[in-house]
Amino acid sequence: MIMNYNESTRTLIINFDGEIDHHSCNEIAAISDNAIKKYLPIKVIFDFKNVKFMDSAGIGMLIGRYKQLMRFDGKAEMINVNNDIKRIFSMVGIFKIIPLVDENTETLANL
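## Describing the pairing of strand β4 (residues 75-79)
β4 sits mainly inside the fold: four of its five residues count as buried. Bridge analysis of strand β3 (residues 43-54) against β4 gives five bridges, and the strand direction is parallel. Residue pairing for β4: Val44 is matched across the bridge by Ala76. Of the crossover connections in this fold, the one passing from β3 over helix α2 (residues 56-71) to the parallel β4 is right-handed.

Have a look at this one:
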C-alpha cells in the first residue's frame, strides 16, 4: 500500500495493492487510520488499480475509513475499480456514500 498526500489540496491518495480480505483488513485499516489522523485530509481517494480481489471484510474496512473521515468533515472517492469489485460495490450500494470517479477528472489532475 502506497500513500501520497498533497498538502495544497489536503488530499490523501491511498493506493491499495493485492487482495483486500479478512487477512489484510486490520493492517490496511490501521495504516489508513494513522495517515488520516496525521494529515486530516479534506479528501481521501481510494485507488483500486492494483487490487485483484476483495471480500466483505474489505467493504467493512472502507466503511470504517469513511466514518472516520466524516468525523473530520472529510470526503472519500474511489478510482480504478475493476469490474468484479465494481459489481460487488453496486450490489451493496457503497457508491451512494463513496462515489466512483473517473481517474482523469479535474480533481486528480490538480494533485
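From this point, the discussion proceeds with the structure in view.
## Some points on the nonpolar core
One finds Phe16, Ile20, Phe46, Phe48, Leu62, Met78 and Phe89 to be the most contacted residues of the largest nonpolar core, which totals 26 residues. Of all the secondary structure elements, the ones that give two or more residues to this core are β2 (11-20), α1 (25-39), β3, α2, β4 and α3 (83-92). Not counting chain neighbours up to four residues away, the residues in contact with Leu62 comprise Phe16, Phe46, Phe48, Met54, Met78, Phe89, Ile94 and Ile98.

Reading the values: the criteria
Residues numbered from 1 in each chain as written. Predicted model: local features only at pLDDT ≥ 70, side-chain atom pairs only at ≥ 80, totals over all residues. Heavy atoms only, no water. Buried < 20%, exposed > 50% of the residue type's maximum accessible area, 1.4 Å probe, protein only. Helix = DSSP H or I, 4+ residues; strand = E, 2+ residues; numbered from the N terminus. Pairing = 2+ DSSP bridges. Right-handed = clockwise from strand over helix to strand, strands pointing away. Core = buried A, V, L, I, M, F, W, Y, C linked by side-chain atoms within 4.5 Å. Contact = heavy atoms within 4.5 Å.

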